[in-house]
Amino acid sequence: MGTARGAPSNPCRLPLLSVLLLPLLGGAQAAIVFIKEPSSQDALQGRRALLRCEVEAPGPVHVFWLLDGAPVQDTERRFTQGSSLSFAAVDRLQDSGAFQCVARDEVSGEEARSANASFNIKCESGGCVCPHETLSS
């Protein structure tokens, strides 16, 4: 007798269809997710600080940092540690602005950006001079 109405006439078509659809379905789920995003915080001039950033992605990602939209270059004072940004000594002039963690999927090129984070840099008593203050008394 023949095949039942609605049943696939060729059982090989179903696996082929699923092979073709799998990458499309997988692409919808493949996204970079921030597990920990950097957050704004108080910091003391000249002291250590850390902006945390952790991402989860289906493939390899490259994480880097921006400060006011420009890439942050590693120095002895400020450098990436894993995917977080570590500060050996926070500086009011060099570390003022909006930091952002960026993760780029190395295969697909997909990019995700964290929320902006900044420091409220405080001086310990006598630890720094504000730009509007004069040194003469």
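- In the annotation of an unreviewed UniProt entry, the protein chain is listed under the name Protein tyrosine kinase 7 (inactive) and assigned to Ovis aries.

A closer look at the sheet that holds strand 6 (residues 70-71)
- An order of 6-5-9-10 is seen for the four strands of this open sheet, with the pairing classed as antiparallel. Edge positions in the open sheet fall to strand 6 and strand 10 (111-113), since each of these has one partner strand only.
- One ladder, built from seven bridges, connects strand 5 (residues 61-67) with strand 9 (residues 99-105); its direction is antiparallel. The residue of strand 9 that forms the bridge with Leu67 is Phe99.

Some remarks on the packing of aromatic side chains
- Scanning the entire structure with this criterion turns up three aromatic pairs.
- On the basis of an interplanar angle of 90 degrees and a centroid distance of 4.9 Å, the ring pair of Phe87 and Phe119 is categorised as edge-to-face. Linking Phe87 in strand 8 (residues 84-87) with Phe119 in strand 11 (residues 119-122), this pair joins segments that are 32 residues apart in sequence.
- By relative accessible area, Phe87 is classed as buried at 0%.
- Judged by relative accessible area, Phe119 falls into the buried class, the value being 10%.
- On the numbers, 6.0 Å between centres and 70 degrees between planes, the contact of Phe99 with Phe119 is edge-to-face. With Phe99 in strand 9 and Phe119 in strand 11, this residue pair connects regions lying 20 residues apart in the sequence. For the pair Phe99 and Phe119, a shared accessibility class is recorded, and that class is buried.

Let's talk about the state of the cysteines
- Within the structure shown, the criterion is met by one disulfide.
- Cys53 shares a disulfide with Cys101; S-S distance 2.0 Å. Taking the sign of the S-S torsion, -75 degrees for the link of Cys53 and Cys101, the bridge is left-handed. Separated by 48 residues along the polypeptide, Cys53 in the loop between strand 3 (49-51) and strand 4 (54-56) and Cys101 in strand 9 bring together distant segments of the chain. Accessibility classification places Cys53 together with Cys101 in one group, the buried group.

Regarding the sheet that holds strand 7 (residues 78-81)
- Read across the sheet, three strands follow the order 3-8-7 without closing on themselves; strand pairing throughout is antiparallel. Edge strands, defined here as strands with exactly one partner in the open sheet, are strand 3 and strand 7. Along the sheet, successive strands turn relative to each other by an average axial angle of 25 degrees, direction set aside.
- Here strand 3 pairs with strand 8 via three bridges, running antiparallel. Bridging across to strand 8, Leu51 finds its partner in Leu85.

As for the nonpolar core
- The biggest cluster of nonpolar side chains holds 21 residues, and the ones touching the most others in it are Leu51, Trp65, Phe87, Phe99 and Phe119.
- Residue assignment for this core shows that the elements contributing at least two residues are strand 3, strand 5, strand 8, strand 9 and strand 11.
- Aside from chain neighbours lying at most four places away, what touches Phe99 is Leu51, Trp65, Leu66, Leu67, Val72, Arg78, Leu85, Phe87, Ala115, Asn116, Ala117 and Phe119.

Calculation notes
Residues numbered from 1 in each chain as written. Predicted model: local features only at pLDDT ≥ 70, side-chain atom pairs only at ≥ 80, totals over all residues. Heavy atoms only, no water. Pairing = 2+ DSSP bridges. Helix = DSSP H or I, 4+ residues; strand = E, 2+ residues; numbered from the N terminus. Phe/Tyr/Trp six-rings, centres within 6.5 Å; stacked < 30°, edge-to-face > 60°. Buried < 20%, exposed > 50% of the residue type's maximum accessible area, 1.4 Å probe, protein only. Disulfide = S-S within 2.5 Å. Axes fitted to C-alpha atoms, helices over the stretch in contact; angles between N-to-C directions. Core = buried A, V, L, I, M, F, W, Y, C linked by side-chain atoms within 4.5 Å. Contact = heavy atoms within 4.5 Å.

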